[in-house]
Amino acid sequence: MSGERRRPPAWRQVLALVRKDALLELRSKDLLASALTLGLTCLGLIAFCVDFLILRFDQVGPAVLWIAVLFTAITALSRTFALEREDGCLEALLLAPMGRTVLFIGKLVFNTLALNLLGALVLGGGVLFLNQGPGRVVFDGERLGWLALVLVVHVTGLAVLGTLLGLMTLRSRRGELLLPLLQGVLSLPILILAVIETRFLFASVWSAERLGELLKLSLAFDVLFLTAAVLLFPAVAEE
């Protein structure tokens, strides 16, 4: 017994997976460069094509911002799972002495952190580029705090759904096509709620209590997706 190596606790295995993905990204910077470039390009095109001196940013802006965030998230998720397709990396991870749930949580934590960082940059850039005209939104500390909370809740939902779908389609020959397609369709409830809550937050008169009630519904979707993902992934990984 003394010669056997003890398996590290689950939280250390999760940290090791997150560290592995983070080091790969720090060396290549492919995920940050490709996803952020696409998101900011979408915002730049909209800034040149849409005159927010005529259209009200507080009404049209939320949909524009969240579409850019969704495109950024899909690009980032596609890139993270492209790395796992190379050189049989997924098969090596599945053979490692760790539970399937640990593997899923490790990928989820990294994706959640990466997507929240990218989402904050894209959303912040969109507000700087597009927030003008008669519908200009004046941000104070409270409104910024609620906007950050809306971002984290909905981007986390996108990360949960995208991580499960990415691992499900990883072995498919058309996985790079299926992932953005499924992510775009199944993310509609999260995206719609994000637009509604952001538009409510951008209104001249808004209520923190009402926004909190809407966020509870968004959190319910996050919990539903996370529960389904944790239950489904071990079976999916064995196929």
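Heads up: the structure comes first, above all this text.
Residues numbered from 1 in each chain as written. Predicted model: local features only at pLDDT ≥ 70, side-chain atom pairs only at ≥ 80, totals over all residues. Heavy atoms only, no water.

Things to note about the overall build of the protein
So, point 1. Per the secondary structure count, the protein includes nine helices and zero strands.
So, point 2. Looking at the protein as a whole, 44% of its 239 residues qualify as buried.
So, point 3. Within the structure as shown, the protein displays about 12,600 Å² of accessible surface, and the carbon and sulfur contribution to it stands at 68%. (Helix = DSSP H or I, 4+ residues; strand = E, 2+ residues; numbered from the N terminus. Buried < 20%, exposed > 50% of the residue type's maximum accessible area, 1.4 Å probe, protein only. Areas by Shrake-Rupley, 256 points an atom, 1.4 Å probe, with all protein chains shown as cover.)

Overview of the nonpolar core
So, point 1. Of all hydrophobic cores here, the largest spans 61 residues; its most connected members are L43, F57, L65, W66, F104 and L115.
So, point 2. Taken together, the elements giving at least two residues each to this core come down to α1 (10-28), α2 (30-49), α3 (57-85), α5 (100-130), α6 (141-168), α8 (188-202) and α9 (208-238).
So, point 3. Considering every element that reaches this core, the biggest residue donor is α6, with 13 residues. (Core = buried A, V, L, I, M, F, W, Y, C linked by side-chain atoms within 4.5 Å.)

Considerations on the side chain of T163
So, point 1. Position of T163 among the secondary structure elements: in helix α6.
So, point 2. Only 2.9 Å separates the side chain of T163 from the side chain of N111, close enough to count as a polar contact.
So, point 3. Within the structure, the side chain of T163 is placed 2.7 Å from the backbone oxygen of A159, a separation counted as a polar contact.
So, point 4. Setting aside anything within four residues of it in sequence, one finds T163 in contact with L77, F81, F104, K107, L108 and N111. (Polar contact = N/O pair within 3.5 Å; in protein donor to acceptor, adjacent residues only side chain to side chain. Contact = heavy atoms within 4.5 Å.)

Points about the packing of aromatic side chains
So, point 1. Counted under the stated rule, the structure contains four aromatic pairs.
So, point 2. On the numbers, 5.6 Å between centres and 25° between planes, the contact of F57 with F202 is stacked. Here F57, found in helix α3, pairs with F202, found in helix α8; they are 145 residues apart in sequence, far enough to count as distant.
So, point 3. Its relative accessible area of 0% is what places F57 among the buried residues.
So, point 4. Under the relative-accessibility criterion, F202 is labelled buried at 3%.
So, point 5. With a centroid separation of 5.6 Å and 35° between ring planes, the pair formed by F104 and F233 is classed as tilted. Taken together, the positions of F104 in helix α5 and F233 in helix α9 put the pair 129 residues apart, joining distant regions of the chain. Both residues of the pair, F104 and F233, count as buried.
So, point 6. Joined through ring pairs, the aromatic side chains of F57, F139 and F202 make up one cluster. (Phe/Tyr/Trp six-rings, centres within 6.5 Å; stacked < 30°, edge-to-face > 60°.)

A word on the layout of surface pockets
So, point 1. In this structure, the largest pocket spans a volume of roughly 220 Å³.
So, point 2. V18, A22, E25, L26, K29, L31, L32, F110, L113, A114, L117 and L118 are the residues that line the largest pocket.
So, point 3. Elements represented by at least two residues in the lining of the largest pocket include exactly α1, α2 and α5.
So, point 4. Considering each element in turn, the lining of the largest pocket owes the most residues, five residues, to α5.
So, point 5. Along the lines of polarity and charge, the residues of the lining of the largest pocket split into ten nonpolar, no polar and two charged. (1 Å grid on protein atoms, 1.4 Å probe; cavity = no way out; pocket = protein on both sides within 12 Å on 5 of 7 lines; lining within 4 Å. Points joined across faces, edges and corners; volume = space filled by probe spheres on them. Nonpolar A, V, L, I, M, F, W, Y, C, P; charged D, E, K, R; others polar.)

As for the packing of α1 against α5
So, point 1. Look at α1 against α5: their axes get within 8 Å of each other, and the N-to-C directions meet at 45°. Taken together, the axes of α1 and α5 are oblique relative to one another. The crossing of α1 and α5 is right-handed. Contacts from A10, Q13, V14, L17, V18, D21, A22 and E25 in α1 reach V102, L103, I105, G106, K107, V109 and F110 in α5.
So, point 2. The residue makeup of the contact of α1 with α5, split by class, is ten nonpolar, two polar and three charged. (Axes fitted to C-alpha atoms, helices over the stretch in contact; angles between N-to-C directions. Parallel < 35°, antiparallel > 145°, perpendicular 65-115°, else oblique. Left-handed = near helix turned anticlockwise from the far one by under 90°.)

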